[in-house]
Each structure stands twice: as structure tokens, then as C-alpha cells.
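For reference, the chains in residue letters:
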Amino acid sequence: MKYLKIIGQEKISGEVKISGAKNAALPLIAATILAKNTIKIGNMPDVVDTNTFFKLLNNLGSTSKREKNTVTINTFDIKETKATYDIVKTMRASILVLGPLLARFGHCEVSLPGGCAIGQRPVDLHLKALEAMGASIEIKNGYIEAKCEKGLQGANIVFDKVTVGGTENTIMAAALAKGKSKIINAAKEPEIVQLCEVLKDAGLEIKGIGSSELTIIGTNKELLNFKDFDIIPDRIEAGTYLCAGAIANAKLTLTNVIPKHLSAVLAKLEEMNFKITKDKNSLTIYPTSFIKPANIITSEYPGFPTDMQAQFMALATQAQGTSVFDERLFENRYMHVSELVRMGADIHLNGNIASIHGKPGTLSATDVMATDLRASSALVLAALVAKGETNIHRIYHLDRGYEDLEGKLKLLGANVSRHNE
Ligand code: EPU
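Residues numbered from 1 in each chain as written. Predicted model: local features only at pLDDT ≥ 70, side-chain atom pairs only at ≥ 80, totals over all residues. Heavy atoms only, no water.

What about the side chain of Thr253?
1) Next: Tracing the backbone through its elements, the reader meets Thr253 in strand E15 (residues 252-255).
2) Next: Within the structure, the side chain of Thr253 is placed 2.9 Å from the side chain of Thr284, a separation counted as a polar contact.
3) Next: With near-sequence residues (within four places) excluded, Thr253 lies in contact with Gly14, Glu15, Val16, Leu283 and Thr284. (Helix = DSSP H or I, 4+ residues; strand = E, 2+ residues; numbered from the N terminus. Polar contact = N/O pair within 3.5 Å; in protein donor to acceptor, adjacent residues only side chain to side chain. Contact = heavy atoms within 4.5 Å.)

A word on the pattern of salt bridges
1) Next: Tallied over the entire structure, the rule returns 18 salt bridges.
2) Next: For Glu191, the salt bridge goes to Arg235, with nearest N and O atoms at 2.8 Å. Taken together, the residues Glu191 in helix H7 (residues 190-201) and Arg235 in helix H8 (residues 235-247) connect sequence positions 44 residues apart.
3) Next: Accessibility expressed as a relative area gives 10% for Arg235, which makes it buried.
4) Next: Ionic contacts of the salt-bridge type, sharing partners, join the residues Lys22, Asp49 and Arg400 into one network. (Salt bridge = Lys/Arg side-chain N within 4 Å of Asp/Glu carboxyl O. Buried < 20%, exposed > 50% of the residue type's maximum accessible area, 1.4 Å probe, protein only.)

Observations regarding the pairing of strand E19 (residues 321-326)
1) Next: Of the strand pairs in this sheet, strand E18 (residues 296-297) and E19 are connected by 2 bridges, and their pairing is parallel. For Ile297, the partnering residue across the bridge sits in E19 and is Asp326.
2) Next: One crossover worth recording links E18 to the parallel E19 by way of helix H10 (residues 309-316), and it is right-handed.
3) Next: Pairing analysis gives 6 bridges linking E19 to strand E21 (residues 353-358), with the strands arranged antiparallel. Within the sheet, the bridge partner assigned to Ser323 lies in E21 and is Ile356. (Pairing = 2+ DSSP bridges. Right-handed = clockwise from strand over helix to strand, strands pointing away.)

Focus: the sheet that holds strand E24 (residues 415-420)
1) Next: Spatially, the 4 strands line up as an open sheet ordered E22-E23-E1-E24, and their pairing is mixed. On the outer flanks of this sheet lie strand E22 (367-369) and E24, each paired with one strand and no other. Taking each pair of neighbouring strands and ignoring which way they run, the sheet shows an average axis angle of 25°.
2) Next: When E22 meets strand E23 (residues 389-393), the two strands line up parallel, connected through 3 bridges. Bridge pairing in E23 places Asp367 opposite Asn391. (Axes fitted to C-alpha atoms, helices over the stretch in contact; angles between N-to-C directions.)

Digging into the packing of aromatic side chains
1) Next: Applying the stated rule across the entire model yields 1 aromatic pair.
2) Next: Seen in terms of ring centroids, Phe304 and Phe312 are 5.0 Å apart; in terms of plane orientation they differ by 90°. Their pairing is edge-to-face.
3) Next: A relative accessible area of 0% means that Phe312 is categorised as buried.
4) Next: Its end group placed over the ring of Tyr143, Lys82 keeps NZ or CZ at 4.7 Å from the ring centre.
5) Next: The cationic tip of Lys275 hangs over the ring face of Tyr286; the distance from NZ or CZ to the ring centre is 4.6 Å. (Phe/Tyr/Trp six-rings, centres within 6.5 Å; stacked < 30°, edge-to-face > 60°. Lys NZ or Arg CZ within 6 Å of the ring centre and 35° of its normal.)

Laid out in C-alpha cells, this is it:
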């Protein structure tokens, strides 16, 4: 197993190019199941999760070829419709093939994803939406067996709770259903907006893009003619580098970003006393004389993203005063707390509320364990300012979602290296 060694308190500065969004790429790769043509996708992040997703589709019969950040994919020859446990267990997002496979073939089997480090993460809302469209679903031997031999029917779907993956699966299923579907209380994340736009460009009639009410006129199993497209920039990777600049008190410029996707993150950094300047596709964060504490409540987009909570917690350890965080999306997304405490942070947990008593310069280096993707990035941020040498173990979590993290940090001047245990 590999680990990252970071020698803290090196001065960082400069420019970093943000990669394509992992969480936009995954549903879009799944959506290629709905295509009748070969598609070229640009700005595809070269991270473990996207590569696992291509492997999953290739196992089903697609062909894909990656050249750096461009992937060409053709799913026309898919015959197999079973997403097996060996892949799903490594990547929960594999559930995103359920909607498009069922819509195209009238049946499929997808291994039921289990919980993960951040919570139970059920998929009941995905299944309920597909049942509303006429699917019969059984859970057998750990697999979701979905059938609808006559084809899915458009339906009115009201989500009890906002779900990103559930909305994506339902959009893809509705795309090939017969007739009109309405998705009410849909998620509105930029990743969902891009999924809708790519499908619209492929000829799908879809209204309400970017709102919580989507209307889709299904094609009745007619496959779509996709145009080539580029994945949108990763707002969470961008937010993570903004936090790197903030915690290291450095001037950093991020390129290949869409600032409006980061509104909640930018507002919070400004509240914490950071100056940020925006251009059309770039952002610059400047050093500050002191960091103010901030209170954070995670919520669905356009609220403050749960995927940025851990990174802001690392930053809050360097604020002058107490910050209070309220994690509302996942029941167990505070795994980084005990590791930050081992580095000298003063954090108290009470259920889903964390109180971070910040004090600049208090973090010290040690060996820490990454537990999930975003928790790992919080440890990297803490290590950048900790005194001494921090070794971050289990970095396969980071490799799932951050493209070339060490390369990018090194270019900024950080002292980062990768080693074998
Ligand atoms: N939920 C249900 N039933 C469902 C689906 C979801 O109760 O059928 C609950 C979840 O347990 C959770 C909440 O609803 O409490 C929101 O879950 P959601 O379905 O929105 O999350 P997801 O689609 O599984 C995506 C991202 C996550 C991100 C969340 C929230 C991808 C591949 N994953 O997960 O990203 O945290 O939305 O924004 O898009 C990450 O990138 O590190 C990551 C975990």
C-alpha cells in the first residue's frame, strides 16, 4: 500500500489547473449506455473511479479508449446487463448503470451497494422511482434484479428526499421510457445540469434543467445521438485547492473553474476573511492576516456541499475562535475528526455537530489514516501547515477522486512524495 509523505510549512504559491469533475463524469459515462453512436468526451479526469466505471462498461461489452483526458466510447455492442459485485463493491456509483441498462434492455442486475465509511447510503429512492415507471424489482442474493420487459413508462416521481444519484438514475431511465415523466424535488447540482444538457444535445426533450422539477419526454427505447462534449470542471477539487491556499496563507490561482458553481464555498471563505478575485474561468485566493471562525451547515446545492466539510474543518483548526459545523447529509462523515485531533486539533463532536476550537499554528505532524476521499484531502491540507513530517496512509481513497494530487501540489511548491509502506 502507498502512503503520502508531506513535510509541512513549505511556502506554496502559483497556479493550478483544475481537472474535470469526477461526479459529473460518472453519471455521464453511465449515460453513454443510452447512445447509438461513438462519443468523444474531453476533460475526463484520470482518476481511479472514472477508470473503474469504464472497466464496468467494458465488462458489459462497450469499447473505450483513453488518451490522457480524452476518452472515446461506444456502447452499442453491450449485451451483458449484470454489474457484478467485484466492481460495485469498489465503487458505489456503479448503481448509476441501473436506470440506463433497465431502460435500454428491459432487464438488468446490479449488485446492491453496501454502506460505506460515510454512512449507510441506501438506494431505496432509486428503486422507488424505477418502480413508479413500471419496473418490477427484487433483491436476490445481494443483487437488485430489475425487469420491465414491455419497457418503462413515463411517470410522476416525487422524491421524499433530494438525492443526486437517485435523480441521475431516474433521468436516464426516463430518457428511454414511453411518454412523459416529471421528477419533482430533483437534485440541482451542476453535475445534474450537465447530465441534462448532454442528453438534451443528444435530442432528448427535457425541461426545467437546473430546477427542482424536471419534465422529460421519453423516446420509447429509441437510442440517442450524442454529441461530443467536455466534462465540467470539478468544483470540489477547486474548493480543496482554495482551502490549500487559505490554510497555507498563500496566493493561489485556480484555472479551468466555473466560479458560480462555488458560490457557497467562496462566500464561506470570504466570511473567514479571505479575499478572492474571480475571472470567467479562474479564481485567485490571497493570504490574510487572521482567519475568522465560521459556522457551516451542509446541504444540497446551492447550499454548502458536504463534500467540502472535511476540508473546511482542517481550515477551521487555524481560525482564531470556535467554528460550529452541522453535517446534515451523511450520518458518519466526521471520520477525519479523530485524525485531525491526533495532529493537535481541538475538536469536540456531539452527534452531527462538531465544534472546532481553532488556534493558528497548533497542528503537528504524525502518521494519519485516510478513511474516505474528502476526509483524506482534509488530512493533506492539515499536513501542509503542520510542523514536521506527516505520513498519510491508505491514500487509495485520494486516488479515487483527485487527479495527480502530488504533481499539482509539488508544482505549487509543497514538499510531497509518495512511498510504498
Ligand atoms: N439517500 C437515501 N435513499 C436513496 C438515496 C440517497 O436515503 O435512495 C440519502 C443518502 O443516504 C444521503 C442523502 O440521501 O443521506 C443524499 O445522498 P445522495 O443520493 O444525494 O448522494 P449520492 O448520489 O450517493 C453524491 C456524490 C457524493 C456526494 C453526495 C451529496 C457522486 C458519485 N457522489 O452521492 O460524493 O457527497 O452526492 O452531494 O456523485 C464524493 O465525491 O466524495 C462523494 C461522496
